[in-house]
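# Inside the fold
These are the residues of each chain, in order.
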Amino acid sequence: MREISFDTETTGLNPRGGDRLVEIGGVELINHIPTGNSYHVYINPERDMPEEAFRVHGLSEEFLSDKPLFAAVADEFLEFVADATLVIHNAAFDMGFINTELDRAGRRTIPNTQVLDTLEIARRKHPTGPNSLDALCSRYGIDNSRRVKHGALLDAEILAEVYLELIGGRQTALGLMPEEEAASTGGPSVVSGELGRFNAKPRPTPLAARLTEEEFSAHKAFVEGLGDDALWKKYGN
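All of these numbers come straight from a predicted model, not from anything done at the bench.

## Concerning the packing of helix 6 (residues 133-140) against helix 7 (residues 152-166)
Two numbers describe how helix 6 lies on helix 7: the axes approach to 10 Å, and their chain directions differ by 55°. What the angle tells us is that helix 6 and helix 7 run oblique. Crossing of helix 6 against helix 7: the hand is left-handed. On the side of helix 6, the interface is formed by Leu133, Leu136, Cys137 and Tyr140, while helix 7 contributes Asp155, Ile158, Leu159, Val162, Glu165 and Leu166. Of the residues contributing to the contact of helix 6 with helix 7, the split by class is 8 nonpolar, no polar and 2 charged.

Structure below.
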């Protein structure tokens, strides 16, 4: 099974309102294992870079001015993706930009059935949240110290680790001895394929939501449009 842990950076939040892609990053997984094969490109958005977006990813208009237009890399991007499942955190956002750019370039768009949203998996598995990428890194002990600024390839690499934790792949791989044997040898206790770990208590007061109403509505519409065939519905139970 081929999957691609995937992320983008943009000039803003609204692909239909003039915002554009500026970076794409993807990490190939075969049967949930990173292969070392990846895709990364910076893109000239043909517009200015708003200060608020620059503060997020640090990509300036000057830096992007000599980078290729999306239309010039659309075919190689689609060739890399092929029929793989795109594993994305908050998929509605990234796919909104990707499919808008593909449509603008006259290329085929990527169907929702080819997308797996890790945010939905996380919400099913951890309904009290928080479920941002940083929060999940903290929950699962994943080192994200390099994430000073958002970057598409780095975030795709981190998401690949988070995804494996969400579907139980890493814990299952680590559960190599029965619980009784582990106890007798002084090794870690393994319960239901999961290493014992400290579970932090929920915050007494939830953090304020960082999603705008527009983002929340777009994500809700995206999820509802997938119906009962959504890929993530087989996970998290």
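## Re the packing of aromatic side chains
For the structure on display, the rule yields 5 aromatic pairs. With a centroid separation of 5.9 Å and 40° between ring planes, the pair formed by Phe6 and Phe77 is classed as tilted. Within this pair, whereas Phe6 is found in strand 1 (residues 2-10), its partner Phe77 is found in helix 3 (residues 70-81), the two being separated by 71 residues in sequence. Given the relative accessible area of 1%, Phe77 is considered buried. Consider the rings of Tyr39 and Phe80, whose centres lie 5.5 Å apart with planes at 25°: the pair is stacked.

## Remarks on the sheet that holds strand 4 (residues 85-88)
In sheet architecture, strand pairing relies on hydrogen bonds along the backbone and comes in two forms, parallel and antiparallel. Spatially, 5 strands are ordered 3-2-1-4-5 in an open sheet, and the strand pairing comes out mixed. Both edges of this open sheet fall to strand 3 (33-42) and strand 5 (115-117), since each of them pairs with a single strand only. Across the sheet, the mean angle separating the axes of adjacent strands is 25° when strand polarity is ignored. Relative to strand 3, strand 2 (residues 21-30) runs antiparallel, the two sharing 7 bridges. Its bridge partner lying in strand 3, Val27 is registered against Ser38.

## Some thoughts on the nonpolar core
Counting 29 residues, the largest nonpolar core has Ile24, Phe70, Phe77, Ile98 and Ile110 as the members making the most contacts within it. Looking at this core, the elements with two or more residues in it are strand 1, strand 2, strand 3, helix 3, strand 4, helix 4 (91-104) and helix 10 (213-226). Counting residues per element, this core draws most heavily on helix 3, which supplies 7 residues. With near-sequence residues (within four places) excluded, Ile24 lies in contact with Phe6, Asp7, Tyr39, His40, Val41, Ile43, Phe70, Phe77, Ile98 and Ala152. Within the second largest apolar cluster, 17 residues are counted, among which are Leu116, Cys137, Leu154 and Leu166.

What counts and what doesn't
Residues numbered from 1 in each chain as written. Predicted model: local features only at pLDDT ≥ 70, side-chain atom pairs only at ≥ 80, totals over all residues. Heavy atoms only, no water. Axes fitted to C-alpha atoms, helices over the stretch in contact; angles between N-to-C directions. Helix = DSSP H or I, 4+ residues; strand = E, 2+ residues; numbered from the N terminus. Parallel < 35°, antiparallel > 145°, perpendicular 65-115°, else oblique. Left-handed = near helix turned anticlockwise from the far one by under 90°. Contact = heavy atoms within 4.5 Å. Nonpolar A, V, L, I, M, F, W, Y, C, P; charged D, E, K, R; others polar. Phe/Tyr/Trp six-rings, centres within 6.5 Å; stacked < 30°, edge-to-face > 60°. Buried < 20%, exposed > 50% of the residue type's maximum accessible area, 1.4 Å probe, protein only. Pairing = 2+ DSSP bridges. Core = buried A, V, L, I, M, F, W, Y, C linked by side-chain atoms within 4.5 Å.

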